[in-house]
Amino acid sequence: MVRLELPDLLKCSPHGERVKRILEAALQAADPATAVQRFLQRQGERLYVADRTYDLSTFRRVLLLGVGKASVAMARAAAKILGDRLSAGLVIVKEGYESPAWGDLEEAALEEKVAILTAAHPIPDRRGLQAAQRLSQVLQSAADEDLLVCLLSGGGSALLTLPLEGLSLEDLQALTALLLASGATIHEINCVRKHLERLKGGRLAQLAARAHLVSLILSDVVGDPLEVIASGPTTPDPTTFDDAWAVLERYGLLEQAPRRVIQVLKSGRSGKIPETPKPGEAFFERVQNVIVANNYLAAQAALRQAQVEGFHSLLLTTFLQGEARQAGRFLAAVARQITTYGQPLPRPACLVAGGETTVTLQGDGRGGRNQELALAAVQDLEGLPDIALVTLATDGGDGPTEAAGAAVSGETMARARAMGLHPQNFLKRNDSYHFFKHLGDLLITGPTGTNVNDLALVLAF
């Protein structure tokens, strides 16, 4: 169970424990092991995956491959289901997101078959490159009589990094940093990645074309587009080299991007490098992709728990996108609407918004989109009685910080003013982390083992 540490403003509130239970319910609903167990089941030699059945006796090997922040928890569940039919496994996970040692004797025996490798996120590192090379070797060895069970979750794009010929790890590191700072969406960032790497954009499935492939996917992308989650390694890619070029052009990065990146994209646009696999490729007939958990599932669980806690509850959206600071002001406006008119819900109210916003970096501060969203709401919430806005990155890590989010109330502005803290100054520097750290209002969960985007709660007590 995640150990959730409440911000000070909720610790001191009579409602703090109620809010904590709502957040915990959302995280529990997105638990990777539970998600896998819902869609992967075994009876004897029959393996049931959603609406398909596989006869395990017809396969020489059953191989487990996992990539992403939730991959270890997913692998533990899948390995236990596969049991004695599991031949071997390889999992690539963000450093710090490894689960504790597998507990019982049965799990210990399975753990010996599954190699767990760690790498960096969101900027890829050499460990990720080496892990991807090793995974690539497994894929190339797969044959007709092999079944690959692939487990994908958020963070997979950075963890599964294998550059196309002519590119280096350093090229991809530099480009990733530029894209993350540009304000580009995850759809746009992954479009570029898919055209610079060997395992993204359906190329993982292409490399294992002779085998049968089942891909269980924990979605961290708004709307659950298969081709975007972890850069779509097991699904057809509708984007092109021209699309990737257009992303760099849109954000003014053609001059800043590494020279070799530009050369590869030019070669792809002129047809000198093959496009990513498209819909209709024959080998995709042997691939089954299944979404096992997403933001909507977590949001619904938060709503149910809110009702148990005595709140009127409403799901605003699971498609919250755009600049984090604009989203923060919008949610503050919703809180003011409740205060002024009792709409869209009367008190006590809990409104849930899910999705993934972006931050266009303008300063050199620390923070993440959830903390920036909360910071942007501080002034607009000033003076509103018995109101709180709580933000949560479901993976437990908001940007390059140990915080998962933050909390704001109608009193936050007055508290900040008394300490000499001015929200707008921190916003200009993109320094939401230090603003909330001074106040003691960071939300801390530690690595949650899952990743289904972000949630924000608008609470009126």
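To start, this report covers the structure provided alongside it.

Attention now moves to the packing of aromatic side chains. Applying the stated rule across the entire model yields four aromatic pairs. Three or more aromatic residues link up through ring pairs in this structure, and these residues are Phe426, Phe435 and Phe436. Over the aromatic face of Tyr433 sits the side chain of Arg366, whose NZ or CZ is 4.8 Å from the ring centroid. Positioned above the aromatic ring of Phe426, the side-chain terminus of Arg429 is 4.6 Å from the ring centre.

The next thing to look at is the sheet that holds strand β14 (residues 442-443). Taken in spatial order, the six strands line up as β10-β11-β15-β12-β13-β14 in an open sheet, and their pairing is mixed. Lying at the two open borders of the sheet, with one neighbouring strand each, are β10 (312-320) and β14. Pairing of strand β12 (residues 387-393) with strand β15 (residues 454-460), which is carried by seven bridges, proceeds in the antiparallel orientation. Looking at β15, one finds that Val390 is bridged to Leu457. Sheet contacts for helix α13 (residues 295-308): β10, β11 (349-355) and β15; angle to β10, the most-contacted strand, approximately 165°.

Counting residues in each nonpolar core, the largest one holds 65 residues, and the members touching the most others are Leu47, Leu64, Leu147, Leu216, Val390, Leu457 and Leu459. Top element by residues in this core is helix α4 (residues 71-82). It accounts for eight residues. Counting 39 residues, the second-largest nonpolar core is a separate cluster that includes Ala349, Ala406, Val408 and Phe436.

All right, on to the pattern of salt bridges then. The full count for this structure, using the stated rule, is 28 salt bridges. The salt bridge involving Glu309 is made with Arg21; its shortest N-O contact spans 2.7 Å. Taken together, the residues span a long stretch of sequence, with Glu309 in the loop between α13 and β10 and Arg21 in helix α2 (residues 16-29) at a distance of 288 residues. Under the relative-accessibility criterion, Glu309 is labelled buried at 13%. The partner of Glu382 in a salt bridge is Arg417, with the nearest N and O atoms 3.1 Å apart. Placement of the pair is Glu382 in the loop between α15 (369-381) and β12 and Arg417 in helix α16 (residues 412-418), with a sequence separation of 35 residues. The exposure class of Glu382 is partly exposed, given its relative accessible area of 33%. It is possible to trace a salt-bridge network through shared partners that takes in Arg42, Glu45, Asp84 and Arg85.

As summarised here, the arrangement of the three strands in space is β1-β2-β3, forming an open sheet in which the pairing is antiparallel. A strand with exactly one partner marks an edge of an open sheet, and here the two such strands are β1 (40-43) and β3 (52-55). Strand after strand, the sheet turns through a mean of 25° between neighbouring axes, direction not considered. Bridge count for β1 against strand β2 (residues 46-49) is four bridges, and the pairing is antiparallel. Within β2, the position partnered with Gln41 by the bridge is Tyr48.

Another point: the pairing of strand β8 (residues 212-218). For a regular strand, side-chain orientation follows a simple rule: the groups alternate between the two sheet faces. With six of seven residues buried, β8 lies mostly within the body of the structure. With six bridges joining them, strand β7 (residues 146-152) and β8 adopt parallel strand pairing. Note on β8: the bridge partner recorded for Cys150 is Ser215. In this sheet, strand β9 (residues 287-293) lies alongside β8 in parallel orientation, the contact comprising six bridges. Bridging across to β9, Leu213 finds its partner in Val287.

The next subject is α2. With 14 residues, α2 extends 20 Å from end C-alpha to end C-alpha; this agrees with the ideal 20 Å at 1.5 Å per step. Within α2, ten of the 14 residues are buried, which leaves the element mostly enclosed by the surrounding structure. Listed as buried for α2 are Gly16, Arg18, Val19, Ile22, Leu23, Glu24, Ala25, Ala26, Leu27 and Ala29.

Rules behind the numbers
- Residues numbered from 1 in each chain as written.
- Predicted model: local features only at pLDDT ≥ 70, side-chain atom pairs only at ≥ 80, totals over all residues.
- Heavy atoms only, no water.
- Phe/Tyr/Trp six-rings, centres within 6.5 Å; stacked < 30°, edge-to-face > 60°.
- Lys NZ or Arg CZ within 6 Å of the ring centre and 35° of its normal.
- Pairing = 2+ DSSP bridges.
- Helix = DSSP H or I, 4+ residues; strand = E, 2+ residues; numbered from the N terminus.
- Contact = heavy atoms within 4.5 Å.
- Axes fitted to C-alpha atoms, helices over the stretch in contact; angles between N-to-C directions.
- Core = buried A, V, L, I, M, F, W, Y, C linked by side-chain atoms within 4.5 Å.
- Buried < 20%, exposed > 50% of the residue type's maximum accessible area, 1.4 Å probe, protein only.
- Salt bridge = Lys/Arg side-chain N within 4 Å of Asp/Glu carboxyl O.
- Expected span 1.5 Å × (residues − 1).

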